[in-house]
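The chain contents come next:
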Amino acid sequence: MAWASMTWTPLEGPVESIAATYDAPLMALVEGRVPAFVLRGAYPSAHCAGLMERFRERGLLYDPRQEAEGKPHRVDIGTSFGSHRADRDGFHAHAAETIELFSHLFDGYDDPVRTIYETLAALAPNKKVMTAQEPDGREYGPAIFRIYHDELGHGPHYDSVRKRSKAVEYEVAHFDHQFAAVLCLQNSADAGTSGEPILYNCPWTPDLQERLKDTTFAAHAGREQIERVQIHLEPGDLYFFFSENYHEVPAVTGDRPRAVLAIFFALSADREEIYVWS
């Protein structure tokens, strides 16, 4: 980690160690007892490099600055719920294409999507981890590769289909808590904070939303001295966090993009399944 709170620190270790520390690891994230679980070397780093080369060979990975407008933008390999949810039929059609692509994209390598799902299942052994689906059986995208070029990142925000997007027409809005998991495939060339995620010990609440009407979250966090940690990941490292906490990704700098595989997932105490999507 580049810097961190003295009291609010991620727990690093294998799943067995995390489960031995917390009876209900995911609820420990919700309750703010720990900002993240970090699993080093969860996926082979050599496979990360191999997949990045495969993406280039298949034309899935490219430099958007060489395209029409020449402006950097995030490259997605997979189905983004946020980008496609407005067209419900189009969203599910795109998700079906992603599922078909992922059925052969990893041939010859360990399946990184399965790695995340199996790790999540080990963190919640009493739940059934599955790709999100609607009552009619139509599935969501199972995961998404996101490639961030120079100047790209995310300012402070929180993620919740239920509380932020309010997309109540979708089944994933009907769970109580939302999380995220991120597997690093490639870091940017910059050795500093470029693209390294920052987590704040501050979940979204209606009261906080009201207080932010006349200010920014950054100003609020500084004024209130909200704890924060920055997570450093090497290729193959995987971490889990509560996405309803504010978090940000500092803009990438340099010619080499940062690449990750990411999921959202949600659970409720009274539901057997954990729904996963991208």
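Residues numbered from 1 in each chain as written. Predicted model: local features only at pLDDT ≥ 70, side-chain atom pairs only at ≥ 80, totals over all residues. Heavy atoms only, no water.

1. So, the overall build of the chain
Heads up, the condition is: In DSSP terms, a helix is any run of H or I states spanning at least four residues, a strand is any run of E spanning at least two, and both are numbered starting from the N terminus. Three labels apply to residues, based on accessible area from a 1.4 Å probe with only protein chains included: buried if under 20% of the type maximum, exposed if over 50%, partly exposed otherwise in between. A contact between two residues is defined here by any heavy atoms of the two lying within 4.5 Å. Areas reported here follow the Shrake-Rupley algorithm with a probe of radius 1.4 Å; residue values treat only the protein chains shown as occluding.
The helix and strand inventory of the chain stands at nine helices and 13 strands. Along the first, second and third principal axes, the C-alpha set of the chain runs to 45 × 45 × 40 Å. For the chain, with 278 residues in total, the buried portion stands at 52%. Nonlocal contacts in the chain, meaning residues at least 24 apart in sequence, comprise 81% of its contacts between residues at least 6 apart. Accessible surface, the chain: about 12,600 Å² in total, of which carbon and sulfur atoms supply 48%.

2. With respect to the state of the cysteines
What is meant by a disulfide is a covalent connection between two cysteines, made through their sulfur atoms. For the record, the criterion: Two cysteine sulfur atoms make up a disulfide if the distance between them is within 2.5 Å.
Counting across every chain of the model gives zero disulfides. Take C184: it sits in no disulfide, and the sulfur closest to it among the cysteines is that of C48, at 6.9 Å.

3. Considering the pattern of salt bridges
Operational definition: Each reported salt bridge corresponds to a side-chain nitrogen of Lys or Arg within 4 Å of a carboxyl oxygen of Asp or Glu.
Evaluated as defined, the whole model comprises 17 salt bridges. Of the charged contacts, one joins R56 and E53 as a salt bridge, the two residues approaching to 3.4 Å between their closest N and O atoms. Here R56 pairs with E53, and both are found in helix 3 (residues 45-57), just three residues apart, close to one helical turn. Overall, E53 belongs to the partly exposed group, its relative accessible area being 37%. The partner of R88 in a salt bridge is E134, and the shortest N-O contact between them spans 2.4 Å. Here R88 is found in helix 5 (residues 88-105), whereas its partner E134 is found in the loop between strand 4 (128-131) and strand 5 (144-148), with 46 residues between them in sequence. What makes R88 partly exposed here is its relative accessible area of 28%.

4. Considering helix 3
How we decide: One less than the number of residues in a helix, times 1.5 Å, gives the span that helix is expected to have.
Here helix 3 spans 19 Å end to end across 13 residues, near enough to the 18 Å set by a 1.5 Å rise per residue. The complete set of buried residues in helix 3 reads H47, C48, G50, L51, M52, R54 and F55. Residues of helix 3 that are buried sit in contact with strand 3 (75-78), helix 5, helix 6 (112-123), strand 5, strand 7 (177-186) and strand 12 (258-267). Of the residues flanking the end of helix 3, it is G59, one or two places downstream, whose phi is positive at about 75°.

5. Description of the packing of aromatic side chains
Which entries qualify depends on this criterion: Pairing of aromatic side chains requires ring centres within 6.5 Å, counting the rings of Phe and Tyr and the six-membered ring of Trp. Pairs whose planes differ by under 30 degrees are stacked, by over 60 edge-to-face, and all others tilted. Criterion for a charge above a ring: Lys NZ or Arg CZ within 6 Å of the ring centre, and within 35 degrees of the ring normal.
All chains considered together, the criterion is met by 21 aromatic pairs. Ring geometry for Y22 against F37: centres 6.0 Å apart, planes inclined by 55°, an arrangement best described as tilted. Remark: F37 occurs in strand 2 (residues 36-39) and Y22 occurs in the loop between helix 1 (15-21) and helix 2 (25-30); sequence separation between them is 15 residues. With respect to burial, Y22 and F37 carry one shared label: buried. Ring geometry for F102 and F145: centres 5.8 Å apart, planes at 80°, overall edge-to-face. Taken together, the positions of F102 in helix 5 and F145 in strand 5 put the pair 43 residues apart, joining distant regions of the chain. On the basis of relative accessibility, which here comes to 1%, the residue F145 falls in the buried class. Three or more aromatic residues joined by ring pairs make a cluster, and in this case those are Y158, Y200, W204, F217 and Y246. Between the NZ or CZ atom of R88 and the centre of the ring of Y170, over which it lies, the distance is 4.6 Å. Directly above the aromatic system of Y275 lies the positively charged group of R271, at a separation of 5.6 Å from the ring centroid.

6. Looking at the nonpolar core
What counts here: Think of a nonpolar core as a cluster: buried Ala, Val, Leu, Ile, Met, Phe, Trp, Tyr and Cys residues, connected wherever their side-chain atoms sit within 4.5 Å.
Ranked by size, the top nonpolar core spans 46 residues in total, and within it L26, F55, F145, L185, F240, F265 and I274 carry the most contacts. Not counting residues up to four positions away in its chain, the partners in contact with I274 are L26, L120, A124, K127, K128, V129, M130, F265, A266 and L267. Listed in part, the 33 residues of the second largest apolar core include A36, F81, A266 and W277.

7. Section: the sheet that holds strand 8 (residues 198-203)
To be explicit about the condition: Whether two strands pair comes down to DSSP finding at least two bridges between them. Throughout, an axis means a line fitted to C-alpha atoms (over the contacting stretch in the case of helices), and angles, computed between N-to-C directions, take values from 0 to 180 degrees.
Ordered by their spatial adjacency, four strands build an open sheet running 6-11-8-9, and the pairing between neighbours is antiparallel. Across the chains shown, the open sheet's two edge strands, defined by having one partner strand only, are strand 6 (154-157) and strand 9 (228-230). Each adjacent strand pair in this sheet contributes to an overall mean axis angle of 15°, direction not counted. Here two bridges tie strand 6 to strand 11 (residues 245-249), and the two strands are oriented antiparallel to one another.

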